[in-house]
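# Tertiary structure, described
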Amino acid sequence: MKGLVALLGCTALTAPAFAQEAPAADEPKKEEIVVVGSLNALPVKDVGSIFGFDKNLVETPRSASTVSKEQIERFGITEIYDLVSQSPGVFTNSFFGVGGALDIRGTPGEVYFRGIRRLDNPGNYPTPIGASDRVDIVRGPASPIYGPSKTGGYINFVPLTARAAGGKFLDSPEGQLSYTSGSWARNVLSAQVRGPGKIGNQEFGYSLYAQIEDSGSYYRNMSTRQTILQAAFDTDLTPNLRLEFGGMHHNFKGQQNGGWNRLTQDLVDNGNYITGDAQPLDTNGDGQISHAEARVANLNPFGGFACGGNPFASSITAACFTNPAMRLSNVGTAKLSRRDTLTAEDDKLNNIANTAYLDLIFDAGNDFEIKNQFFYDGYRNENENQYGFSQFHNSYVIEDRIVVSKVFKNDVGKFSLEFSPSIRYTNFKHGEDFNYEYFNRVDLTKGYNALSDRLLSTECDCNYTGYNVGHYTDYGVAGLANLDFNFGLDLTLGARYDHVKVVTTDVASKLENPGGARSADTSKGGWSWSASANYKLPLGLIPYATISRQSTIIAGQGAEITAGDALSGAFISASKLYEGGIKGSWLNNRLYASVSVYKQTRVDRNAQAIVTNQAVETRGIEAELRWSVDKHFLVSANYTKTKVENLTAIGSGVLFSFFGIEDLKGIDPALFLGGQPIGLVPIPNRNASRRAGIPEDLYSATATYSFDNGLAFAGSITHVPSVFSGQSQVVRLPAYTLVDLSASYTTGRWLFRAVMKNATDAKYFRANFTELFGSTIALPERPRNWQASVVYKF
């Protein structure tokens, strides 16, 4: 922290001094391209969230897409899962029903805010998108200038700004009020205002956004209550020194959703559910099963056993199940409603997230700029699930990044250089309880009772499986160069070094098994680099190639680094990317298309966090087309081919998993559904290591047509082939085609919009945490539903 304070202090003192001495630049601005009727969906605007240089996506040698606020409005996009139809490479498994981050290229991605990485959010809260001016989707690891990142990629949220197009303050305030209703008592009220302001002689711009939601849910025992507040301010302190600051507050109250338990192929295909009551274990009569009561019943962590002679499901027989506590009584079958899932009446997922930023941008003239970016992101999270899982996080990150950039122009071309030291401090406090996690004790046709309701560690503040406190600091320095030659060749080269110091401690007094508590104080470094090239050919074609190595910090769901990972050095690893493709823009920038082929792989297959940062190798193809046919008609199409293989599983030949009913085929499920058999899934070849739930081929398309009288229609379609629900490949989820439709009418200051999601009422599922739980649970998705919005703009 001392280094961070010193860095901030140095910046605060030096930037104003430079501002007084340097002359203001009078450089001609790059002409802005506007394609009428395109909803800003075409990649003609500069995007600095990929390499840090102001280039549009056609000129950028990476696979990436943007989704504009106009697309968000027209297509009725309300959650990150809706982005699947707008971009290739982003199909996402369920993480207990919470849209925290996208799976990108088949592996968990990250979330950035204005180009800086937020804390990990696999399913801590749904990431809000309503206050975004633009969402960038970058496939593959981040550029070295942004620091360590995951293999798959990231989404970058660009919030609504305080300036109008062209960088000037607005002449007068503008904004909108919106109310949205919909299926299952959906109620969302939002307000937005932007405009100019003045305090004394100091002019500034502001952007304010607020959203309140109080909604029900298709699923029983679920609801959403959330408040989102966002603000952005922008002012010119001097002619060459600009200040931008703002933040976001997000208070979310809801629940996770594990989906259906007692999973069988018959349940998926026909809705036939195995009913039955678990055995009573609540000996003190308080209505819950405590850790001690589960231990007395010999439901040792997960009800594990090894009677078969080896850890594979094939060795387990009915004779293994001699513990009466694992059995069901009153067994039968019933048709299960898709609304009845593992969420209990007392479940909760509460999260308060706060994000803040402050940028100082000093323009020294002659294409020389110094930028200091200060960033804060923190959350307090409490997650309770009555089947036996609970956790909490109280974590935050502070980052300060200085970017010194200089542009040189001559007869040969334009050459841009960036140098960036940074410091990133993460503080974490995290506890979790999963030693007695029993999805199958509850009969979903009846709901939770004393036979299935667990006393959770967060309820008693005791008996945690893991309880970690600590912090880590990443000291980084990066350099990046873009060499844009006039004859058509464009080279981008970058390198970075990160040194990460970790201090972490297991709090023994909070643990169920305190004997395993450890602590660590260690450090480790890692290099990142990238090299990219593209070339402008005739006919508007731009082929490109990229090769990179990118460091990644392996942290858990609450940004924690465990003592075990710290002591082994497994908290930092790296990935390599090989990517090539071709892009083009034609018809006066009305038609854009791109195709990319890639291979990306984790360097160290033994370093992974199975929830947040997996050691995988991914190979695939991504194709995208966007065409503004005329000022009325816009179409897009995407194709994704993805093969994701778990390198840890390939290396060891096995993968740990919960065993489901189909894993133990031929054994009466009533013998073991009161507990949880576990073991190892054999991985004899690369095909067996494929990540379940992610389709190999994915197709999507969108279209929208607007009439001159204010009426507009839009639709999207996504086809998802059949996939396995889990790593053992014993339950197959059916293929489906998802269609969303919307219609809107604008008259004067009013906008009326109706959205029909899943318009064909497709019955489909989303796999849930496939590596560990995929054969035991799956999430039945929502049927046809509607939303209607009234918007007043002023």
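Each value, and the rule that gives it
Residues numbered from 1 in each chain as written. Predicted model: local features only at pLDDT ≥ 70, side-chain atom pairs only at ≥ 80, totals over all residues. Heavy atoms only, no water. Helix = DSSP H or I, 4+ residues; strand = E, 2+ residues; numbered from the N terminus. Rg over C-alpha atoms; globule rule 2.2 N^0.38 Å. Buried < 20%, exposed > 50% of the residue type's maximum accessible area, 1.4 Å probe, protein only. Contact = heavy atoms within 4.5 Å. Phe/Tyr/Trp six-rings, centres within 6.5 Å; stacked < 30°, edge-to-face > 60°. Lys NZ or Arg CZ within 6 Å of the ring centre and 35° of its normal. Pairing = 2+ DSSP bridges. Polar contact = N/O pair within 3.5 Å; in protein donor to acceptor, adjacent residues only side chain to side chain. pLDDT = per-residue confidence, 0-100. Lys, Arg positive; Asp, Glu negative; His and termini not counted. Salt bridge = Lys/Arg side-chain N within 4 Å of Asp/Glu carboxyl O. Disulfide = S-S within 2.5 Å. Core = buried A, V, L, I, M, F, W, Y, C linked by side-chain atoms within 4.5 Å. Patch = residues over 30% accessible without salt bridge, like charges linked within 9 Å, V, L, I, M, F, W, Y side chains within 5 Å. Areas by Shrake-Rupley, 256 points an atom, 1.4 Å probe, with all protein chains shown as cover.

A word on the overall build of the chain. The helix and strand inventory of the chain stands at eight helices and 37 strands. Whereas a compact globule of 794 residues would reach a radius of gyration of roughly 28 Å, the chain reaches 27 Å, a difference of no more than 12%. Seen through its principal axes, the chain has C-alpha atoms that stretch 85 × 60 × 55 Å. Across the 794 residues of the chain, 59% fall into the buried class. The long-range share in the chain, meaning contacts at least 24 apart out of those at least 6 apart in sequence, stands at 72%.

Once that is clear, we can look at the environment of Ile 316. If you trace the backbone, Ile 316 turns up in the loop between α4 (291-296) and β14 (328-335). For the pair Ile 316 and Val 296, spaced 20 residues apart in sequence, the C-alpha separation works out to 23 Å.

What follows concerns the packing of aromatic side chains. Here the structure, examined in full by the defined rule, presents 36 aromatic pairs. Ring centres of Phe 96 and Phe 773 lie 6.1 Å apart, and the angle between their planes is 70 degrees; on these two criteria the pair is classed as edge-to-face. With a gap of 677 residues between them, Phe 96 in the loop between α2 (69-75) and β2 (103-104) and Phe 773 in helix α8 (residues 770-773) connect regions that are remote in the sequence. According to the relative accessible area criterion, Phe 96 is buried, its value standing at 5%. An aromatic cluster is present here, built from Phe 95, Phe 96, Tyr 387, Phe 439, Phe 658, Phe 769 and Phe 773 joined pairwise through their rings. For Arg 105, the ring lying beneath its charged end belongs to Tyr 598, and the centroid distance is 3.7 Å. In this arrangement the basic side chain of Arg 732 is found over the ring face of Phe 724, its NZ or CZ atom lying 4.1 Å from the centre.

The strands making up a sheet associate through hydrogen bonds between their backbones, and the pairing can be parallel or antiparallel. Taken together, five strands build an open sheet; the order of strands is β1-β6-β7-β4-β5 and the sheet is mixed. Each end of this open sheet is capped by a strand with a single partner; those strands are β1 (64-68) and β5 (116-117).

Locating Ser 457 in the fold gives a position in helix α5 (residues 457-460). In terms of polar contacts, Ser 457 uses its side chain to reach the backbone carbonyl oxygen of Asn 463, at 3.0 Å. Apart from the residues lying within four places of it in its own chain, the contact partners of Ser 457 are His 291, Ser 390, Asp 433, Cys 462, Asn 463 and Tyr 464.

What follows is about the pairing of strand β26 (residues 633-646). Side-chain direction in a regular strand flips from residue to residue, so the side chains alternate between the two faces of the sheet. Across 13 bridges, strand β25 (residues 616-628) lies against β26 in antiparallel orientation. The residue of β26 that forms the bridge with Arg 626 is Ser 636. Between β25 and the antiparallel strand that follows it, β26, lie four residues. As judged from the nine bridges shared by β26 and strand β29 (residues 697-706), these two strands associate in the antiparallel manner. Within β29, the position partnered with Phe 633 by the bridge is Tyr 705.

A few words on the confidence of the model for the chain. The predicted coordinates ought not to be read in detail in places where the model reports low pLDDT. With 92% of its residues at a pLDDT of 70 or more, the chain has an overall mean of 91. Within the model, pLDDT remains below 50 along residues 1-29, and this stretch shows 38 contacts once partners closer than five positions in the same chain are excluded. Here residues 301-305 is modelled with pLDDT under 50, and outside its nearest four sequence neighbours on either side it reaches 18 contacts, counting other chains as well.

In this section: the side chain of Glu 437. Summarising the element assignment, Glu 437 is placed in the loop between β18 (413-433) and α5. Buried and without a salt bridge, Glu 437 has Arg 454 as its closest oppositely charged side chain, separated by 8.1 Å. In this structure, Glu 437 is in contact with Tyr 387, Gly 388, Phe 389, Phe 658, Gln 676 and Phe 773, ignoring residues within four places of it in sequence.

Turning our attention to the pattern of salt bridges. Across all of its chains, the model carries 46 salt bridges by this definition. Note that Asp 340 is salt-bridged to Arg 220, the shortest N-O span being 2.5 Å. Separated by 120 residues along the polypeptide, Asp 340 in the loop between β14 and β15 (348-365) and Arg 220 in the loop between β10 (202-215) and β11 (224-238) bring together distant segments of the chain. With relative accessibility at 16%, the residue Asp 340 sits in the buried group. Between Lys 665 and Glu 662 there is a salt bridge whose closest N-O contact spans 2.7 Å. Lys 665 sits in the exposed class, given a relative accessible area of 63%. One salt-bridge network, held together by shared partners, links Arg 62, Arg 105, Arg 139, Glu 579, Glu 622, Glu 624 and Arg 626.

Here we take up the state of the cysteines. Such a bond, covalent and formed between the sulfur atoms of two cysteines, is termed a disulfide. Taken as a whole and assessed by the stated rule, the structure comprises one disulfide. Sulfur-sulfur distance for the disulfide between Cys 460 and Cys 462 comes to 2.0 Å. Since a negative S-S torsion denotes a left-handed disulfide, the Cys 460-Cys 462 link at about -95 degrees is left-handed.

Ranked by internal contacts, the top residues of the largest apolar core, which has 30 residues, are Leu 299, Ile 316, Phe 321, Leu 664, Ile 667 and Phe 672. Beyond its immediate sequence surroundings of up to four residues, Leu 299 is in contact with Leu 281, Ala 294, Asn 323, Met 326, Tyr 436, Tyr 438, Arg 441, Gly 674 and Gly 675. In this structure, Leu 39, Phe 75, Ile 137 and Ala 714 belong to the second largest nonpolar core, which totals 29 residues.

Once that is clear, we can look at a nonpolar patch on the surface. Taken together, the side chains of Ile 582, Val 595, Val 597 and Ile 621 present a nonpolar region at the surface, about 270 Å² in accessible area. Within the secondary structure, Ile 621 sits in strand β25.

The subject of this paragraph is the environment of Leu 680. Structurally, the position occupied by Leu 680 is in strand β28 (residues 678-682). The class for Leu 680 is partly exposed, based on a relative accessible area of 24%. Spatially, the C-alpha atom of Leu 680 lies 43 Å from that of Thr 227, the residues being 453 residues apart in sequence. When neighbours within four sequence positions are excluded, Leu 680 is seen to be in contact with Pro 311, Phe 312, Ala 313, Val 654, Leu 655, Phe 656 and Phe 659.

Checked against the element boundaries, Ala 356 lands in strand β15. C-alpha of Ala 356 to C-alpha of Ala 231: the two residues are 125 residues apart in sequence and 9.4 Å apart in space. Once residues lying within four places of it in the same chain are set aside, the contact partners of Ala 356 are Gly 246, Gly 247, Phe 374, Phe 375 and Tyr 376.

On to unusual backbone geometry, then. Backbone geometry places Arg 262, a non-glycine residue, at a positive phi of 50 degrees. One can find Arg 262 in the loop between β12 (241-254) and α3 (265-270). By relative accessible area, which is 1% here, Arg 262 ends up buried.

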